[in-house]
Amino acid sequence: MITLKIVQGSARGKVFETDRPAITIGRADTNTVVLPDYHLSGEHGQIFCEADHYIYRDLRSTNGSVLRRDGRAIAIDATTGYEITLRDGDQLALGDPRDPVVIEVSLATAAPEQAEAAERFIASRSIVDLPAVTDRVEHDPKTALRIYKALAPLSSRLDLSEVLDAIVVAAFDLIERATHVSILLRSDTDEDRYTVALARQRQKPGERPTTEVGADGVRASRSILRRVLAERAAVLTANAQKDMPGSESIMSGRIFSMLAVPLWRGDEIIGLIQIDNRTGSGMFTERDLEVALILGGQATLAVDNARLVSRLKVAQEQLRGENVYFKTREANRRFENIIGESRAMKDVLAQLEKVIDTRATVCIEGETGTGKELIASAIHYQSRRADKMFVAQNCAALPENLLESELFGHKKGAFTSADSDKKGLFEIADGGTLFLDEIGEMPLSLQAKLLRTLQEGTIRPVGATAERAVDVRIICATNRDLQAEVQKGTFRQDLYYRLMVFPIRLPPLRERREDIPLLADHFLRRYCTEYRRSVAGFSQEALDALCAYHWPGNIRELENEVQRLVIQADEGAWIEVEHLSPQIRKVEGTIARIAPKKGTLKEMMEQVERWLLAEALREHGNNKTKTAQTLGITREGLHKKLAKYGM
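**Considerations on the pattern of salt bridges**
What the rule picks out here adds up to 36 salt bridges. Among the ionic pairs, D347 bridges to R343, the shortest N-O distance being 3.1 Å. Of this pair, D347 and R343 are both found in helix 9 (residues 343-355), four residues apart, which corresponds to roughly one turn of the helix. A residue is classified by how much of its surface remains accessible, and D347, at 35% relative accessible area, is partly exposed. Taking relative accessible area as the criterion, R343 reaches 55% and is therefore assigned exposed. Between K449 and E404 there is a salt bridge, and its shortest N-O distance comes to 3.0 Å.

**Details of the nonpolar core**
Soluble globular proteins tend to pack their nonpolar side chains together in the buried interior. In this structure, I167, I273 and I275 are the most contacted members of the largest nonpolar core, which totals 53 residues. The element that contributes the greatest number of residues to this core is helix 8 (residues 286-332), accounting for 10 residues. For I167, the residues in contact, after removing those within four places along its chain, are L154, I183, I273, A299 and V303.

**Some thoughts on the confidence of the model for the protein**
Confidence in the prediction for the protein averages 84 pLDDT; 87% of positions are at 70 or higher. This model gives residues 110-120 a pLDDT under 50, and the stretch forms 10 contacts once residues within four places in sequence are excluded. Every residue in residues 243-253 is under pLDDT 50, and counting partners more than four places away or in other chains gives 29 contacts.

**Describing unusual backbone geometry**
Despite not being glycine, E438 shows a phi value in the positive range, around 50°. Taking the relative accessible area as the measure of exposure, E438 reaches 15% and is therefore buried. Phi angles above zero are rare outside glycine, and W551 is one such case at about 50°. If you trace the backbone, W551 turns up in the loop between helix 17 (540-548) and helix 18 (554-568).

**Notes on the sheet that holds strand 4 (residues 33-34)**
Taken together, five strands build an open sheet; the order of strands is 4-3-5-6-9 and the sheet is mixed. Bordering the open sheet on either side are strand 4 and strand 9 (83-85), each of which pairs with just one other strand. Where strand 3 (residues 22-26) and strand 4 come together, two bridges link them in parallel fashion. The residue of strand 4 that forms the bridge with I25 is V33.

**Brief notes about the environment of E514**
Counting through the fold element by element, E514 comes out in the loop between strand 24 (502-505) and helix 16 (516-531). Considered as a pair, E514 and R343 are 171 residues apart in the sequence and their alpha carbons are 9.3 Å apart. In this structure E514 touches S342 and R343, once residues within four positions along its chain are discounted.

**Considering the pairing of strand 5 (residues 45-50)**
Along any regular strand, the residues point their side chains to alternate faces of the sheet. Bridge analysis of strand 3 against strand 5 gives four bridges, and the strand direction is antiparallel. Pairing of I25 across the sheet is with G45, part of strand 5.

**Overview of the packing of aromatic side chains**
Considering all chains together, one arrives at six aromatic pairs under this definition. A cation over an aromatic ring shows up here: R60 above the ring of Y82, its NZ or CZ 3.6 Å from the ring centre.

**Quick notes on helix 13 (residues 444-456)**
The end-to-end C-alpha distance of helix 13 is 19 Å, a good match for the 18 Å that 13 residues give at a rise of 1.5 Å each. Among all positions in helix 13, only L446, Q447, L450, L451, T453 and L454 are buried. Angular distribution of buried residues about the axis of helix 13 spans 160°; they occupy a single face of the element. Positive backbone phi, at 70°, marks G457, one or two positions downstream of helix 13.

So, how was this worked out
Residues numbered from 1 in each chain as written. Predicted model: local features only at pLDDT ≥ 70, side-chain atom pairs only at ≥ 80, totals over all residues. Heavy atoms only, no water. Salt bridge = Lys/Arg side-chain N within 4 Å of Asp/Glu carboxyl O. Helix = DSSP H or I, 4+ residues; strand = E, 2+ residues; numbered from the N terminus. Buried < 20%, exposed > 50% of the residue type's maximum accessible area, 1.4 Å probe, protein only. Core = buried A, V, L, I, M, F, W, Y, C linked by side-chain atoms within 4.5 Å. Contact = heavy atoms within 4.5 Å. pLDDT = per-residue confidence, 0-100. Pairing = 2+ DSSP bridges. Phe/Tyr/Trp six-rings, centres within 6.5 Å; stacked < 30°, edge-to-face > 60°. Lys NZ or Arg CZ within 6 Å of the ring centre and 35° of its normal. Expected span 1.5 Å × (residues − 1). Arc of directions from axis to C-beta.

Right under this line is the structure:
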């Protein structure tokens with residue numbers, strides 16, 4: 001019997017009580033439990049009875065299902081196989097996670113015959129008794145040799161199906177009166193659910209079992225499973241049909257004598273071996289029970305090893321796939337794949353071509369968001385070091401003590417939480433490239449240690465007494481004026497000269513406006529693919545507004561803007577000016593504001609030039625030298641133009 005009480009939602013207060021083997025929940029009138037809340041699916045979920053427990057199954061609902069248990073929220077999705085076993089007192093939260101329909105679950109207590117089952121078993125051996133049982137068996141050489149021979153194949157099996165097969169064979173070899181063997185294993189996604197992994201019957205006396213049968217032929221008893229879980233022990237019953245008449249699996253399977261042995265890992269029960277005799281009662285002895293307990297201990301190790309090997313194989317396949325992905329990504333991190341047709345970017349790439357395969361330290365200067373790490377990785381993957389590691393570290397992201405440990409590593413016991421040796425990034429990047437972003441944020445004390453590494457090519461982990469040589473190419477980046485930092489005393493002058501062997505300045509986006517349409521189109525295609533959207537493109541007016549904007553956040557700001565536009569755009573529509581962010585739309589207004597009055601071409605050009613001169617002077621506080629540099633003319637040329645317009 002299951003009782004469902006609606007504690008939140010439009011049907012709040014309603015109670016549904018049923019003993020049906022399966023019920024459905026949803027908005028449609030055809031459901032057993034009809035809930036009219038709009039955010040539920042027509043057929044949202046199902047509750048069905050399996051053996052002695054109830055299972056909730058999410059029917060791929062739109063807004064999903066969550067189980068609330070003991071203060072935890074467990075999403076019922078692909079990670080759980082869209083199913084989970086229900087317990088008394090659980091709550092189901094269905095639909096909109098911000099305001100779900102909440103159903104409280106109440107389950108009837110176990111039937112009297114189940115509660116009385118504890119009195120019907122004639123013997124048991126706790127898993128804590130295994131050492132004593134093993135010791136007794138070792139004093140009987142004949143039995144010990146028989147057990148050794150039967151269990152030996154388990155150690156050589158690595159595939160789970162082969163391990164289960166070997167366990168069944170060993171069970172038949174060791175328990176000679178066994179006619180049927182079943183193995184139940186706990187679900188990987190639902191710790192309360194055990195399923196039959198393998199079930200077999202002996203073909204003929206003296207022959208090894210070779211025929212696998214379905215669950216209808218060899219049925220595992222849930223009543224036995226409950227007893228094993230509760231007692232954490234192997235159990236023996238002499239006449240299962242007489243002792244447990246309420247068990248459907250025992251009665252329908254005509255089980256008389258039964259042994260049940262847990263598979264355990266520490267405090268966890270991960271499965272069960274059930275050994276039956278269906279020809280008569282009292283067929284097993286306590287000696288059989290002890291032998292079966294030893295079998296359970298070895299079987300657990302074999303199952304765990306097989307599962308571990310299986311997980312390692314899956315992880316290996318994932319790593320192989322990730323390796324292919326990263327190799328593909330690395331291939332794209334080359335100069336020819338960097339987007340930029342402007343003169344400024346071509347000059348930068350031409351300089352970098354000259355330094356690729358040298359050991360010279362490259363310092364990339366540029367504003368935030370100009371793509372300094374992209375350039376650094378392109379240098380690495382274009383060089384002869386491409387098959388080694390490219391490691392990046394932001395020097396502003398960690399405090400001094402952690403940054404030192406991250407870069408140089410530490411020895412066990414070097415400080416309070418150093419409970420093991422740790423390799424630093426210099427050691428990890430040995431033979432490759434280490435990219436130090438925001439180098440200007442590095443503390444002075446750490447700058448001295450970095451300088452020594454650059455000079456000597458050696459590192460000393462924190463707490464170590466010896467140095468070790470490393471071959472690492474350093475590429476650093478900063479958005480600060482390091483020369484000014486040297487003058488202020490916040491950056492070491494000797495380190496400055498070590499880093500400035502080959503300085504590169506990345507131009508801000510406002511200095512390479514001709515690249516903006518190319519970049520915008522690149523990001524548009526990337527996010528259309530990622531979000532599975534179809535956007536026609538940018539209108540000419542929208543592109544003009546993007547090109548006119550000054551982009552203080554540079555390429556990163558442009559990327560974020562295009563990402564937002566793809567999300568907001570209608571399917572198949574063009575991106576227009578009105579879709580752009582307010583600060584970018586202001587630029588369009590500025591363009592309209594400087595539109596010259598009607599006249600000859602010369603008169604209109606002079607009006608625009610006069611406005612541009614005034615804006616440039618205002619931007620630089622009437623500093624004519626900086627204004628001339630920004631406009632790309634000489635100071636004398638600026639004076640002539642100002643005199644021409646009487647400014």
